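Coordinate analysis (summary)
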Amino acid sequence: MFLFAMGLLLVIFQPSTGQFPRACANTQSLLRKECCPPWDGDGSPCGERSNRGTCQRILLSQAPLGPQFPFSGVDDREDWPSVFYNRTCRCRGNFMGFNCGECKFGFSGQNCTERRLRTRRNIFQLTIREKDKFLAYLNLAKNIPSKDYVIATGTYAQMNNGSNPMFRNINVYDLFVWMHYYASRDTLLGGSNVWRDIDFAHEAPGFLPWHRAFLLLWEREIQKITGDENFTIPYWDWRDAEDCVICTDEYMGGRHPTNPNLLSPASFFSSWQVICTRSEEYNSQQALCNATSEGPILRNPGNNDKSRTPRLPSSSEVEFCLSLTRYESGSMDRMANYSFRNTLEGFADPRTAISNISQSGLHNALHIYMNGSMSQVQGSANDPIFILHHAFVDSIFERWLRRHRPMIEVYPAANAPIGHNRENYMVPFIPLYRNGEFFISSRELGYDYEYLQEPALGSFQDFLIPYFEQARQIWPWLVGAAVIGGIVTAVLTGLILACRKKRAGASPEIQPLLTESEDYNNISYQSHF
């Protein structure tokens, strides 16, 4: 009954956050290269009359990129979003959105001045009603059109440089599936040529910040289309799981009784159609995914290649990953060693942190284990387990941030793969977000995780680790300072003794009677070393 009631909400049309604002998907905006829609509150571009923001030229990062992408001017995603727009809304204060009509993450209220902290919870800790509500929200998102956003069905060149717009409508859930596809798709080079070693959301430093922004935007859309401002994404803690415990009809869909690659007909996820899964077909046609339905969700958990992913990740592997002190290293791609990001993403061994692309660990292991739609990068978001999985991956990222407390400078400013430098804008989000903006604690972005709210972040050891780490980093300086201080103290002591000895041997007639002076007790040499 509850699911049926939620279905009645399909007639609601609310704004969504995603790729191309509908107000800018037209010839005039593309030719002018300007996306500064009016805010409904006062009718002015970017809400300028209400001091929310102004239409300004985009400032692109000039930092050098890594060598992984040896081309220039062949991909619409280069220097995002300058191929399509070079002027967008720059919002003031705590305002946000493509027209500055929303509040930044973590803020609410008419003027976006009220701080708000929401808590993401373990899906198995939800009540039956809360769980059913989450499932109903997912189904609603799959069936309600996005009011404010559309997707591109052609490249800028195929649009004749803006004079022939190629966009189409899409539902809220598939909007995010398409965005994940668009960020990770291959570069079309013309003819039958493509460049595969490119990804604006994976295999580089931006992997964790990008997916953090992605989940926040997805979470906000659910809040909008349902009117449930308290909604948060639940997570699945897959550590030490022996099988896919959420792959049941009560949760994310069980196994089909006769076809192990399909979902049980008792789950409404069995009727969902996937999009953007045929990358080789798009490449051969030099075309973009146009969100045409491509069949049901595929999932056959556990029947994957065991030589690549023998089991789901363990608690000890997560703890080892959290112990790594370097966020990024070396080439800053999937070959990086001793990199927390690369180890958590799954391209480095979770027991040694040495790159091993023949194996799939941690984040990647879960995708491979699902053995279906989740296992193909570009279309992986079609399976709703994607949301639960990445929420837990984000919680591990949050644990690392709290344990090591890195400065923003820890995130690479230059020489990362294309799109992954600190000041690069994330593809394909409009409004614009830089990678570095999400390399901060989740609390600053308005959310927390239930299992991280426990006293002392889960253990007294976790509380002390940051301080031990800071002490370890400055220990050589402390030792050096102590040695120098000892030498200086010894020199000063020698000088004092020499002076006293000299005075003791002086004539009594010229010795001052300091012992009878009021200042006697104030004579001292204090070392500040």
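An unreviewed UniProt entry lists the protein under the name Tyrosinase, from Pavo cristatus. UniProt lists a comment for the protein under the heading Cofactor (unreviewed entry), and it reads "Cu(2+)". In the Subcellular location (unreviewed entry) part of its UniProt record, the protein is described as follows: "Melanosome membrane".

Counting across every chain of the model gives seven disulfides. One disulfide in the model links Cys36 with Cys55; its S-S distance is 2.0 Å. Looking down the S-S bond of the Cys36 and Cys55 bridge, the torsion is 70 degrees, so its handedness is right-handed. Placement of Cys36 in the loop between strand 2 (34–35) and strand 3 (53–57) and of Cys55 in strand 3 is noted, with a sequence separation of 19 residues between them. The class for Cys36 is buried, based on a relative accessible area of 11%. Owing to a relative accessible area of 19%, Cys55 belongs among the buried residues under this scheme. Each disulfide pairs two cysteine sulfurs, and for Cys103 the partner residue is Cys112, the sulfurs being separated by 2.0 Å. Note on the Cys103 and Cys112 pair: the S-S dihedral is about -80 degrees, so by sign convention the disulfide is left-handed. Exposure class is identical for Cys103 and Cys112. Each is buried.

What follows concerns the nonpolar core. When a protein is soluble and globular, its nonpolar side chains tend to lie buried together. Counting 121 residues, the largest nonpolar core has Phe84, Trp178, Trp218, Trp236, Met252 and Phe340 as its most contacted members. When near neighbours in sequence (up to four residues on either side) are disregarded, Met252 contacts Ile123, Phe134, Leu135, Leu138, Ile246, Leu263, Ser267, Phe269, Arg299, Pro384, Ile385 and Leu388. Counting residues in hydrophobic clusters, the runner-up holds five residues, among them Cys36, Cys46, Cys55 and Cys89.

On to the pattern of salt bridges, then. For the structure shown, the criterion picks out 31 salt bridges. Between Asp75 and Arg185 there is a salt bridge, with its nearest N and O atoms 3.8 Å apart. Remark: Arg185 occurs in the loop between helix 4 (172–184) and strand 12 (187–190) and Asp75 occurs in the loop between strand 3 and strand 4 (87–91); sequence separation between them is 110 residues. This pair shows no difference in class: Asp75 is buried, exactly as Arg185 is. The partner of Arg212 in a salt bridge is Asp394, and the shortest N-O contact between them spans 2.7 Å. Taken together, the residues span a long stretch of sequence, with Arg212 in helix 5 (residues 207–226) and Asp394 in helix 10 (residues 385–404) at a distance of 182 residues. Under the relative-accessibility criterion, Arg212 is labelled buried at 0%. Assessed through its relative accessible area of 4%, Asp394 is described here as buried. Counted as one network, the salt bridges with shared partners bring together Arg120, Arg212, Glu219, Asp394, Glu398, Arg402, Arg443 and Asp448.

What follows covers helix 10. Along its 20 residues, helix 10 runs 29 Å from first to last C-alpha, staying within 8% of the 28 Å computed at 1.5 Å per residue. Within helix 10, 20 of the 20 residues are buried, which leaves it mostly tucked inside the rest of the structure. Among the residues trailing helix 10, Arg405 stands out with phi positive, at a value near 45 degrees.

How each quantity is defined
Residues numbered from 1 in each chain as written. Predicted model: local features only at pLDDT ≥ 70, side-chain atom pairs only at ≥ 80, totals over all residues. Heavy atoms only, no water. UniProt positions renumbered as here; feature names shortened; annotations may be inferred. Disulfide = S-S within 2.5 Å. Helix = DSSP H or I, 4+ residues; strand = E, 2+ residues; numbered from the N terminus. Buried < 20%, exposed > 50% of the residue type's maximum accessible area, 1.4 Å probe, protein only. Core = buried A, V, L, I, M, F, W, Y, C linked by side-chain atoms within 4.5 Å. Contact = heavy atoms within 4.5 Å. Salt bridge = Lys/Arg side-chain N within 4 Å of Asp/Glu carboxyl O. Expected span 1.5 Å × (residues − 1).

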